[in-house]
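Reading the structure
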Amino acid sequence: METVVKNRWLILLVVVMFPFMACLDGSIVNVALPTMANQLGTDMARISWVVSIYLITITALILLFGRLGDILGTVRIFRLGILLFLLGSVFCGLANSYALLLASRVVQAMGGAATAATNQGIITQTFPPGERGRALGINGTFVALGSMAGPPLGGLIISYFHWHNIFLINIPIGLIFFFLSLKYLPQQTPKKREKLDYIGAALLISSLGLFFYGLSSAQNAGFVQAGIIASIIIGLTLLSCFIFWERRSSHPLLDLTIFSNRLFSLSLICAILAFMAVFSLNIIQPFYLEEVLGLPPRTTGLLLMTFPLVASVIAPISGYLSDKIGSELLTAIGFIFTATGLFLLSSLTETPALASIIIFIGLTSLGSSMFQSPNTSLIMSSVPRDKVGIAGSVNALARNLGMVFGVLFATTILYNRMNYKIGTAALGYAQGQASAFVYGMSWAYKAAACLCILGAGLTIWRLLKKSELFRSRQAG
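Residues numbered from 1 in each chain as written. Predicted model: local features only at pLDDT ≥ 70, side-chain atom pairs only at ≥ 80, totals over all residues. Heavy atoms only, no water.

With that settled, the discussion passes to the overall build of the chain. A count of helical and extended segments in the chain gives 19 helices and 0 strands. Considering only residue pairs separated by 6 or more positions, the chain has 82% of its internal contacts joining residues 24 or more positions apart. (Helix = DSSP H or I, 4+ residues; strand = E, 2+ residues; numbered from the N terminus. Contact = heavy atoms within 4.5 Å.)

Below, the structure written as structure tokens:
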């Protein structure tokens, strides 16, 4: 234990690097898709699955790896994730066909799921309560930086090198941190041997895979195709079967009793709401900047970098404050700032001042960064130490759910309001209809702000309940 405490900040550097790389690789390929489609001889509809298959695989497998972390040790599964991620990166960098690229992205995503599912557990086990919020805040910073820095970095690489280098750049960095993990991550001996729930794992993977396949397909084709609707319905049916099975399994993949903890469940709901709100901004703002304002991609990338830059400063501070004054108040304030930023973004016109955009995005990032670290600390601190693996993976799943639902939520409102404004169906930016896009964007941002207000209300209610419980114990 002495070694773990002594090297805890170096351990933190190792365990935050791979979720950063996994998030980076989820978005870095976006700008390279046209080039990849051209060189691999496919179209944009098919090449978009290079992104979708990666996100679906992570979402479907993240709980499985969290459970394996509890059974075999979080460090062991984390290292396995590193190797899978590097192996997938090698194959992606050598891929000369569309099919091989997709298969390689699945392997890469398996590694990303394993590292994302276990890194929060390692942090929770390594850091004492007085430093845990700060450490989890730094982890949240790296996740945000990975998600937001992908497109600008991808554009830079594509401008000067072959698209394969987007993946090959992972290898030297990954190998360095893998050897650091061998040297510094703590050795773990599982306290007890438990069986893996194979039936539950099969039900969960198939249900989440089908459900998110349907949602991802619907973003391009809408909910009008029978195959898409069937995929979503079958996925939800299998998810119900998974819950039924888990209630009766002697060694469940997901111990449903952790959701009986009100603090844990409310914090997960708040996490989903927060990521839904933030990803409404992520999916809409680039189109507004490039299509409505006519800004070049380089300028758009610089403006959008406001979000991760603010997060890199605020998230560690928020984590530090959560260690000192508690997490509930900070999460409520974070929601309020995020809602304020989104309401201000909803007021943008076709001729805004760029300074206003920077300020509004920065305010939204300020709120999001204030929320994420304390909320993650609440989630990870509300479960027993032998459940931190599955708790971390459930939290990561909540993040992915928020991302996917946020994109669907925002685009549905955007296109609905655009259709109302122009009187015809639209599933993308309507050329020459900038005013209709701004009108739809305004509604989408206001709706996202309302999600934050709901989250703030839940957080304040949670804080009041905690105060009542404390007062009753004092009186007793």
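The next point concerns the environment of Asp43. The topology assignment puts Asp43 in the loop between helix H3 (33–40) and helix H4 (44–47). In this structure the C-alpha to C-alpha distance between Asp43 and Leu33, which are 10 residues apart in sequence, comes to 9.5 Å.

A few words now on the pattern of salt bridges. Opposite charge on two side chains permits them to pair, given that their charged atoms come into close proximity. All chains considered together, the criterion is met by 1 salt bridge. The salt bridge involving Glu131 is made with Arg8; its shortest N-O contact spans 2.6 Å. Within this pair, whereas Glu131 is found in helix H8 (residues 129–160), its partner Arg8 is found in helix H2 (residues 8–27), the two being separated by 123 residues in sequence. Of the two residues, Glu131 and Arg8, neither departs from the other in class, the shared state being buried. (Salt bridge = Lys/Arg side-chain N within 4 Å of Asp/Glu carboxyl O. Buried < 20%, exposed > 50% of the residue type's maximum accessible area, 1.4 Å probe, protein only.)

A few words now on the nonpolar core. Grouped together as the largest cluster of nonpolar side chains are 92 residues, with contacts concentrated most on Val15, Met36 and Leu101. Residue contributions to this core peak at 14 residues, all from helix H5 (residues 49–72). Here Met36 is in contact with Val29, Ile47, Val50, Leu101, Trp163 and Phe167, once residues within four sequence places are set aside. One finds Ala277, Phe307, Ile357 and Ile413 within the second-largest nonpolar core, a separate group that totals 38 residues. (Core = buried A, V, L, I, M, F, W, Y, C linked by side-chain atoms within 4.5 Å.)

The next point concerns the packing of aromatic side chains. Summed over the entire model, instances satisfying the criterion amount to 11 aromatic pairs. Measuring from centroid to centroid gives 6.2 Å for Phe18 and Phe78, while their planes differ by 85°, and the two rings are edge-to-face. Of the two residues, Phe18 sits in helix H2 while Phe78 sits in helix H6 (residues 74–94), which places them 60 residues apart along the sequence. Grouping residues by exposure puts Phe18 and Phe78 together as buried. The rings of Phe211, Phe212 and Phe405 are connected pair by pair, giving a single aromatic cluster. The ring of Phe244 has Arg248 sitting right over it, with the charged end atom 3.8 Å from the ring centre. When the ring centre of Tyr420 is taken as reference, the NZ or CZ atom of Arg417 above it lies at 4.6 Å. (Phe/Tyr/Trp six-rings, centres within 6.5 Å; stacked < 30°, edge-to-face > 60°. Lys NZ or Arg CZ within 6 Å of the ring centre and 35° of its normal.)

It is worth spelling out helix H12 (residues 226–248) at this point. The terminal C-alpha atoms of H12, which comprises 23 residues, lie 33 Å apart, in line with the 33 Å expected from a rise of 1.5 Å per residue. Taken together, the buried positions of H12 are Ile228, Ser231, Ile232, Gly235, Phe242 and Glu246. (Expected span 1.5 Å × (residues − 1).)

All right, on to the environment of Gly209 then. Along the chain, Gly209 falls in helix H11 (residues 198–221). In this structure, the C-alpha to C-alpha distance between Gly209 and Leu61, residues 148 residues apart in sequence, is 9.0 Å. Excluding its chain neighbours within four sequence positions, the residues that come into contact with Gly209 are Ile56 and Ala60.

Another aspect to go through is the side chain of Thr115. Relative to the assigned elements, Thr115 resides in helix H7 (residues 98–126). Judged by relative accessible area, which is 1%, Thr115 ranks as buried. A distance of 3.1 Å separates the side chain of Thr115 from the backbone oxygen of Gly112, its partner in a polar contact. Ignoring anything within four residues of it in the chain, the contact list for Thr115 reads Phe18, Pro19, Phe78, Gly81 and Ile82. (Polar contact = N/O pair within 3.5 Å; in protein donor to acceptor, adjacent residues only side chain to side chain.)

Taken as a whole, this structure holds 0 disulfides when the rule is applied. Distance from the sulfur of Cys450, which forms no disulfide, to the nearest cysteine sulfur (Cys452) is 9.2 Å. Classification of Cys450 as partly exposed rests on a relative accessible area of 44%. (Disulfide = S-S within 2.5 Å.)

Moving on, we get to a nonpolar patch on the surface. Together, Val313, Ile317, Tyr320, Leu321 and Ile325 make up an exposed nonpolar region whose accessible area comes to about 440 Å². Inspection of the secondary structure assignment puts Val313 in helix H15 (residues 306–325). (Patch = residues over 30% accessible without salt bridge, like charges linked within 9 Å, V, L, I, M, F, W, Y side chains within 5 Å. Areas by Shrake-Rupley, 256 points an atom, 1.4 Å probe, with all protein chains shown as cover.)

Our focus in this paragraph is the packing of helix H13 (residues 262–292) against helix H16 (residues 328–345). Put simply, H13 and H16 touch, their axes get as near as 12 Å, and they point 25° apart. Taken as axis vectors, H13 and H16 run roughly parallel relative to one another. The element H13 and its partner H16 pack so that their crossing is left-handed. Here H13 contributes Cys270, Ala274, Ala277, Leu281 and Gln285 to the contact with H16, which in turn contributes Phe335, Leu342 and Leu345. (Axes fitted to C-alpha atoms, helices over the stretch in contact; angles between N-to-C directions. Parallel < 35°, antiparallel > 145°, perpendicular 65-115°, else oblique. Left-handed = near helix turned anticlockwise from the far one by under 90°.)

Running from N to C, H6 and H7 cross one another at 155°; their axes reach a closest spacing of 7 Å. As summarised for this structure, H6 and H7 are arranged roughly antiparallel, according to the angle between their axes. Viewed along their axes, H6 and H7 form a crossing whose handedness is left-handed. Considering only residue class, the contact of H6 with H7 consists of 14 nonpolar, 12 polar and 1 charged. (Nonpolar A, V, L, I, M, F, W, Y, C, P; charged D, E, K, R; others polar.)

On average, residues of the chain score 82 in pLDDT, and 89% of them are at 70 or above. Taken element by element, the chain is modelled with least confidence in helix H1 (residues 2–6), mean pLDDT 49, and with most confidence in H6, mean pLDDT 93. (pLDDT = per-residue confidence, 0-100.)

Further remarks concern the environment of Gln433. Within the secondary structure, Gln433 is located in the loop between helix H18 (388–422) and helix H19 (434–475). Look at Gln433 and you get partly exposed, because its relative accessible area is 32%. Each C-alpha atom, one on Gln433 and one on Ile422, is 7.8 Å from the other, the two residues being 11 residues apart in sequence.

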